[in-house]
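# Chains, contacts and geometry: an overview
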Amino acid sequence: MNFDLMRLVAALLVVVSHTFPLSGQPALTIRGVEDFGALGVSIFFVISGYLVAGSYERDPKSYLAKRLLRIEPGLIASLVVTVILLAFVTTAPPAEYWREAALYVVRNALLYPATYDLPGVFEDAPLAGVVNGVLWTLRLEFSFYLVLMLVRAKLKLAVGLAALCALGWLALALTTPGWADERITRIAFLVGRNGFLFFAGAALWLTRAKVPLWLGGLSAVAFPFVGPLALPTAVVGLSRPGKLPADLSYGVYIYAFPIQQQLALMGHLNVLTGILAVLPFAALSWFLVEKPAMRLKPGRAAAGEEIRAW
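Residues numbered from 1 in each chain as written. Predicted model: local features only at pLDDT ≥ 70, side-chain atom pairs only at ≥ 80, totals over all residues. Heavy atoms only, no water.

## A few points about the nonpolar core
Core analysis: the biggest nonpolar cluster contains 95 residues, and Leu75, Tyr97, Leu118, Leu148, Phe196, Phe198 and Val252 have the highest contact counts within it. Among the elements that take part in this core, helix H2 (residues 36-58) stands out by supplying 13 residues, more than any other. (Core = buried A, V, L, I, M, F, W, Y, C linked by side-chain atoms within 4.5 Å. Buried < 20%, exposed > 50% of the residue type's maximum accessible area, 1.4 Å probe, protein only. Helix = DSSP H or I, 4+ residues; strand = E, 2+ residues; numbered from the N terminus.)

Below is the structure:
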């Protein structure tokens, strides 16, 4: 399974996972992490760390520009499409809606002052008022990009960061079972766990060691028992060369949540409708926005590379 297909599966796991709470049903839990969504996000961070470390090594000078071109065009387009389409369903006055909609686009495009609500939108949904609940991961992802750049993708520092993140995450997991209940512990837990996965993925690239297929398979089997600790070697060990004709994973990820919210309000949300409804948006995002933006990456033509990390 190549990385493109792995990411698509991971994005679909997030869609499947969100189907249940967004339709007012109990979350579907799994052994190893909280749910399929957490598993999908964890896979994303391993792949991202692995590929982004390679991108930095190949061309440190254009690294940041490449990362921005991978995240921002698709994200900005999705934010604009979201506010335009939700203008047809909002119960707020137009002046109020469009003022807040403009701020919604700007804040989320800037990543760090992220916001999750729009006036008069999804107020009667089971998960009320949340327009796109996955945007926090893009902020975290970009933060890890910056940290990797600051440490110049040095192997020792990547290993140290992975270990530090793992220690913080495991300490919270063992001492604070209700980590998700408080904002501070929730942020610390998610930064620790996803930081471990990202920097462990980066370290695997930087070691130049090939993770054998048998170790990848053994790690996958161990995942239900040791959780995300097994994922870096599982993901990299099970990966195979190749690319899909279209990389729909990012589009699925950034469009699915608001689409599922609207389907829930209409009483039509289930796993099948959620997946079928988001795929056209993901395809348009790839062919009209993401793929053209990737052609603008500095040095891509000369190097012949097309790193699809995000």
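## Quick look at the packing of aromatic side chains
What the rule picks out here adds up to 14 aromatic pairs. Note on Trp179 and Phe189: the rings are 3.7 Å apart at their centroids and 5 degrees apart in plane angle, and the pair reads as stacked. Of this pair, Trp179 sits in the loop between helix H6 (155-175) and helix H7 (183-207) while Phe189 sits in helix H7, and the two are 10 residues apart along the sequence. Owing to a relative accessible area of 13%, Trp179 belongs among the buried residues under this scheme. Geometrically, the ring pair formed by Phe198 and Phe199 is edge-to-face, given 5.1 Å between the ring centres and 85 degrees between the ring planes. (Phe/Tyr/Trp six-rings, centres within 6.5 Å; stacked < 30°, edge-to-face > 60°.)

## What to know about empty space enclosed by the protein
This structure, assessed with the given rule, holds 2 cavities of 30 Å³ or more. Roughly 30 Å³ of volume is contained in the second largest cavity. Lining of the second largest cavity is provided by Leu75, Asn108, Leu111, Ala114, Leu135 and Leu138. Among the residues forming the lining of the second largest cavity, the class breakdown is 5 nonpolar, 1 polar and no charged. (1 Å grid on protein atoms, 1.4 Å probe; cavity = no way out; pocket = protein on both sides within 12 Å on 5 of 7 lines; lining within 4 Å. Points joined across faces, edges and corners; volume = space filled by probe spheres on them. Nonpolar A, V, L, I, M, F, W, Y, C, P; charged D, E, K, R; others polar.)

## Description of the layout of surface pockets
In this structure, the largest pocket spans a volume of roughly 1,100 Å³. Looking at the largest pocket, it is lined by 34 residues, and the ones nearest its centre are Gly133, Trp136, Thr137, Arg186 and Leu190. Residue assignment for the lining of the largest pocket shows that the elements contributing at least two residues are helix H1 (3-22), H2, helix H5 (135-150), H7 and helix H10 (249-265). When residues in the lining of the largest pocket are grouped by element, the largest group, 7 residues, is from H7. Class assignment of the residues belonging to the lining of the largest pocket gives a composition of 20 nonpolar, 8 polar and 6 charged.

## Considering helix H3 (residues 63-86)
With 24 residues, H3 extends 35 Å between its outermost C-alpha atoms, agreeing within 8% with the 34 Å of an ideal straight helix rising 1.5 Å per residue. Of all the bends in H3, the greatest reaches close to 25 degrees and is centred on Glu72; the proline Pro73 follows between one and four positions later. (Expected span 1.5 Å × (residues − 1). Bend = angle between axes of the 7 residues up to and from the residue.)

## Concerning unusual backbone geometry
Phi angles above zero are rare outside glycine, and Arg152 is one such case at about 55 degrees. The exposure class assigned to Arg152 is exposed, which follows from its relative accessible area of 59%. Notably, Arg208 is not glycine yet its phi reads approximately 65 degrees, a positive angle. With respect to the element layout, Arg208 can be found in the loop between H7 and helix H8 (213-226).

## Let's talk about the environment of Lys297
Position of Lys297 among the secondary structure elements: in the loop between helix H11 (271-294) and helix H12 (300-303). Owing to a relative accessible area of 7%, Lys297 belongs among the buried residues under this scheme. As for Lys297 and Ser239, which are separated by 58 residues in sequence, their C-alpha atoms are 25 Å apart.

## Some remarks on the side chain of Thr82
Tracing the backbone through its elements, the reader meets Thr82 in helix H3. By relative accessible area, Thr82 is classed as buried at 8%. Filtering out sequence-adjacent residues up to four positions away, Thr82 remains in contact with Tyr97, Val131 and Pro258. (Contact = heavy atoms within 4.5 Å.)

## Section: the packing of H2 against H5
Put simply, H2 and H5 touch, their axes get as near as 11 Å, and they point 30 degrees apart. Taken together, the axes of H2 and H5 lie roughly parallel to each other. As for the relative orientation of H2 and H5, their crossing is right-handed in sense. Each of Val41, Phe45, Ser48, Val52, Ala53 and Tyr56 in H2 lies in contact with H5, whose residues at this interface are Thr137, Leu140, Glu141, Phe144, Tyr145, Leu148 and Met149. Considered class by class, the residues forming the contact of H2 with H5 number 10 nonpolar, 2 polar and 1 charged. (Axes fitted to C-alpha atoms, helices over the stretch in contact; angles between N-to-C directions. Parallel < 35°, antiparallel > 145°, perpendicular 65-115°, else oblique. Left-handed = near helix turned anticlockwise from the far one by under 90°.)

## Let's talk about the environment of Leu167
The topology assignment puts Leu167 in helix H6. Measuring from C-alpha to C-alpha, the distance between Leu167 and Phe144 comes to 17 Å, with 23 residues separating the pair along the chain.

## A look at the environment of Ala102
With respect to the helices and strands, the residue Ala102 is situated in helix H4 (residues 94-109). Judged by relative accessible area, Ala102 falls into the partly exposed class, the value being 43%.

## Quick look at the confidence of the model for the protein chain
Model confidence for the protein chain is summarised by a mean pLDDT of 94, while 96% of its residues fall at 70 or above. Note on residues 301-307: pLDDT is under 50 here. Beyond four places in sequence and across chains, it has 12 contacts. (pLDDT = per-residue confidence, 0-100.)

## Observations regarding a nonpolar patch on the surface
A contiguous nonpolar patch, built from Ile76, Val80, Ile84, Leu85, Phe88, Val89 and Trp98 and spanning about 650 Å² of accessible area, is present on the exposed surface. No other element matches H3, which puts 4 residues into the nonpolar patch. Tracing the chain through its elements places Phe88 in the loop between H3 and H4. Under the relative-accessibility criterion, Phe88 is labelled exposed at 71%. (Patch = residues over 30% accessible without salt bridge, like charges linked within 9 Å, V, L, I, M, F, W, Y side chains within 5 Å. Areas by Shrake-Rupley, 256 points an atom, 1.4 Å probe, with all protein chains shown as cover. Salt bridge = Lys/Arg side-chain N within 4 Å of Asp/Glu carboxyl O.)

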